[in-house]
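Spelled out from the first residue to the last, the chains are:
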Amino acid sequence: MVVVGVYDTPMVNNAEEILPKYWYNIIPDLPKPLPPPRDPLGAEFSRIDLLRTILPKEVLRQQLTIERYIKIPEEVRERYLAIGRPTPLLRARRLEEYLGTPAKIYFKYEGATPTGSHKINTALPQAYFAREEGIEHVVTETGAGQWGTATALSATMYGMKSTVFMVKVSYEQKPMRKSIMQLYGGEVYPSPTDLTEFGKKVRKENPNHPGSLGIAMSEAIEYALDHHLKYLVGSVLDVVILHQSVIGQETIAQLDELGEEPDVLIGCVGGGSNFGGFSFPFIGNGRGKKYIAVASAEIPKFSTGEYKYDFPDSAGLLPLVKMITMGNSYVPPPIYAGGLRYHGAAPSLSLLMKEGIVGWREYNENQIFEAAQMFMRTQGIVPAPESSHAIRAVIEEALEAKRANRKEVIVFNLSGHGLLDLPNYDSMMKRVTSNEQR
Ligand SMILES: Cc1ncc(COP(=O)(O)O)c(C=O)c1O
């Protein structure tokens, strides 16, 4: 069975011109040099060497490059077209009217890809580079399942097997995502598992451990090492944001076509990949005046996290990177249904925040639930709970523009749709209703 592509015709006009030919790397344009990944002092093994073993070679090369533009292989561009890139840039007119704001609101709709989020933008090239090296089987972790789904489809598109370690609470709360991964041809395990030493250790300490993205990452890496597989990385690392830069570059071309100059750019942050992919091309080109990264108040990394060297994964198998972090052993509150549960934020984004170039907001579950409903009742699209964080900030910004009578242009990244997150919204609905009754 050969999966060639998904869409035969592009979703937008001028698809060929709008789809970029290069990925954009913000590293050479940062206001200060980015502190490099490093090994812990006196470490018994080198994490940097380990990275060389588990990443496809070209992915590692791109992770370490300081080139500003990297050519997108023609093969990958074709696949991007086949999964519906460029994604639409839409105007949220009903939301504007409902809010009575003089601001114009646009959103880049990454939920239009077949897997329902931006994650496939990097899963595809990573799978391609792995396949070019003759790899037949890739492994990764997933939280809510968006990344695992993108990996499973991309692996299948290149005729490879995939194994996904899925955070146990999500595995139990989101059986549909597991089904999709399996239907795409992936093999899915609830993490912590007994398949790795690290998983066994966590289970021994707490047999009912709900899992975390950090733990699932460590398991995927250990499994890749043990079985000589390649590991695909879903967020945080520079190479992932590099691949995601198709989002922002397309948005710039689409705004130019409309003759619009953006003022405010808004996105949500888990590890930082959709936010970076969307906003970095604007930041690097001096387009836009204000950039807002939005996280969850329940996983308050921006207000309480520290900017320091920390491990991206819980077992500490990956090199230390300097980022805003809550600590690599952080376990998010299991009942929180809004996503964005990762403990850190990408090093490049962390630096831009520390330098005061990117601002931030944090919203709680009630606030994002309200925003999601307002968006659904005005624009009709069910947003991913993660993306609802961005929507909340958009609403507040639009109301602020109304108070100040400012005709600004707000653009946000709708990183995914929420059609497979209805159990999350259900549990939010129950919690909100029971709070109201109290
Ligand atoms: C729809 C969606 N948006 C955002 C995120 C957050 O990740 P990142 O910050 O890497 O974009 C996720 C993570 O799984 C997601 O599924």
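Residue numbering note: each chain is counted from 1, following its sequence as written. With the structure being a predicted model, the display of local features is reserved for residues of pLDDT at least 70 and the display and counting of side-chain atom pairs for 80 or more, all residues being used for whole-chain, interface and lining totals. The side-chain numbers reported here are obtained from all heavy atoms of the structure, hydrogens and water having been left aside.

Attention now moves to the sheet that holds strand S10 (residues 290-296). With respect to topology, 6 strands assemble into an open sheet ordered S3-S4-S15-S9-S10-S14, the strand pairing being mixed. Looking at strand neighbours, the two that pair on one side only are strand S3 (89-91) and strand S14 (358-363), the edges of this open sheet. This sheet shows a mean twist of 25° between the axes of neighbouring strands, independent of strand direction. Here 5 bridges tie strand S9 (residues 264-268) to S10, and the two strands are oriented parallel to one another. Here, any two strands with at least 2 DSSP bridges between them count as paired. Segments assigned H or I by DSSP are reported as helices when at least four residues long, segments assigned E as strands when at least two residues long, and all are numbered from the N terminus. Axis angles are defined between N-to-C directions and span 0 to 180 degrees, where every axis is a line fitted to C-alpha atoms and, for a helix, only to the segment in contact.

Following the UniProt record, the feature "modified residue: N6-(pyridoxal phosphate)lysine" (unreviewed entry) maps to Lys119 here. Contact between two residues is taken to exist if any of their heavy atoms lie within 4.5 Å; hydrogens are not considered. With sequence-adjacent residues up to four places away left out, Lys119 is seen in contact with Gln146, Trp147, Ala150, Gly234, Ser235, Gln244 and Ser273. UniProt positions are given in the numbering used here, feature names are shortened, and annotations may be inferred rather than shown by experiment.

It is worth spelling out the packing of aromatic side chains at this point. Between 30 and 60 degrees the pair is tilted, below 30 it is stacked and above 60 it is edge-to-face, where a pair is any two Phe, Tyr or Trp rings, Trp via its six-membered ring, whose centres lie within 6.5 Å. All told, the structure shown has 14 aromatic pairs when counted by the stated rule. Here the aromatic rings of Tyr22 and Tyr69 are separated by 6.4 Å at their centres, their planes lie at 80°, and the arrangement is edge-to-face. Here Tyr22, found in strand S1 (residues 22-24), pairs with Tyr69, found in strand S2 (residues 69-71); they are 47 residues apart in sequence, far enough to count as distant. Each residue gets one of three labels from its accessible area relative to the maximum for its type: buried under 20%, exposed over 50%, partly exposed in between, using a 1.4 Å probe on protein chains only. Its relative accessible area of 38% is what places Tyr22 among the partly exposed residues.

Omega for the peptide link from Arg85 to Pro86 comes to -15°, which places this bond in the cis form. Its place among the elements puts Pro86 in the loop between helix H4 (74-82) and S3. Geometrically, the link from Ser191 to Pro192 is a cis peptide bond, its omega value of 5° lying close to zero. As for its position among the elements, Pro192 is in the loop between strand S7 (186-191) and helix H10 (197-205). Unlike most non-glycine residues, His228 shows phi in positive territory, near 55°. Along the chain, His228 turns up in the loop between helix H11 (213-227) and strand S8 (230-231).

Moving on, we come to the packing of helix H6 (residues 120-132) against helix H7 (residues 146-157). Running from amino to carboxyl end, H6 crosses H7 at an angle of 35°, the nearest separation of the two axes being 8 Å. Note that H6 runs across H7; the crossing there is right-handed. In contact with Ile120, Thr122, Ala123, Leu124, Gln126 and Ala127 of H6, H7 contributes Trp147, Ala150, Thr151, Leu153, Ser154, Ala155 and Met157. A breakdown of the residues in the contact of H6 with H7 according to their chemical character gives 9 nonpolar, 4 polar and no charged. For any pair of crossing helices, the crossing counts as left-handed if the nearer helix is rotated counterclockwise from the farther one by less than a right angle, and right-handed if it is rotated clockwise. When residues are sorted by character, Ala, Val, Leu, Ile, Met, Phe, Trp, Tyr, Cys and Pro go into the nonpolar class, Asp, Glu, Lys and Arg into the charged class, and all the rest, Gly among them, into the polar class.

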